[in-house]
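Chain by chain, the residues run as shown.
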Amino acid sequence: MEPAMQKPDNGLIWAILSTVFCCLPFGIVAIVKATQVDTYWAAGNFDAANQAARDARKWSWISAGTAVAIFVIYIIVVVAIIGLAAMCGELA
């Protein structure tokens, strides 16, 4: 007898959090993929449900990673501007 398949975690909470706190466009894709998991599972399309769950996780991570990258770039630009302002102030 084949073991019963368990419905994959749709990751909807992480998708919503990544949308609200990270990067909106990629977070919306994550939410769409997360909501597809339950729909595919209920229809009996287990492979599509598993793929949608993987895609939801992937897009949540992409959203979070994009937010972190933007924050790091922002900090670097601010530090560079402060450094340039300090150098210009010393030369005057």
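Predicted, not measured: the structure shown is a model, and the values here were computed from it. Within each chain, residue numbers correspond to sequence positions counted from 1 in written order. Under the rules for a predicted model, residues below a pLDDT of 70 receive no local features and side-chain atom pairs below 80 are neither given nor counted, while totals for whole chains, interfaces and linings still include all residues. Excluding hydrogens and water, the side-chain values take into account all heavy atoms of the structure.

Participant: Would you explain the nonpolar core in this entry?
Facilitator: A general tendency of soluble globular proteins is for nonpolar side chains to be buried together. In terms of nonpolar packing, the biggest core is built from five residues, these being V37, W41, A49, A52 and A53. Within the residue set of this core, elements represented by two or more residues are helix 2 (24-42) and helix 3 (46-91). Numbering of helices and strands starts at the N terminus; helices are DSSP runs of H or I of at least 4 residues and strands are runs of E of at least 2. Among the elements that line this core, the one with the most residues is helix 3, at three residues. A contact between two residues is defined here by any heavy atoms of the two lying within 4.5 Å. Ignoring sequence-local partners within four residues, the contact set of W41 consists of M5, Q6, K7, P8, F46 and A49. Throughout this description, the term nonpolar core refers to a set of buried Ala, Val, Leu, Ile, Met, Phe, Trp, Tyr and Cys residues connected via side-chain atoms within 4.5 Å. Three labels apply to residues, based on accessible area from a 1.4 Å probe with only protein chains included: buried if under 20% of the type maximum, exposed if over 50%, partly exposed otherwise in between.

Participant: Just to check I follow, could you spell out the pattern of salt bridges for this structure?
Facilitator: A side-chain nitrogen of Lys or Arg and a carboxyl oxygen of Asp or Glu constitute a salt bridge if their distance falls within 4 Å. Inspection of every chain in the model, using the stated rule, returns three salt bridges. A salt bridge links K33 to D55, with the nearest nitrogen and oxygen atoms 3.9 Å apart. Placement of K33 in helix 2 and of D55 in helix 3 is noted, with a sequence separation of 22 residues between them. When its relative accessible area of 25% is taken as the criterion, K33 is described as partly exposed. Its relative accessible area of 14% is what places D55 among the buried residues. Through salt bridges that share partners, K33, D55 and K58 make up one connected network.

Participant: Please explain helix 2 as it appears in this structure.
Facilitator: Given a helix with a known number of residues, its expected span is that number minus one, times 1.5 Å. Look at helix 2: 28 Å from first C-alpha to last across 19 residues, which is about the 27 Å you get at 1.5 Å a residue. Three or more residues of helix 2 are buried, namely G27, A30, A34, V37 and W41. In the segment just after helix 2, G44 is the residue with positive phi, at about 85°.

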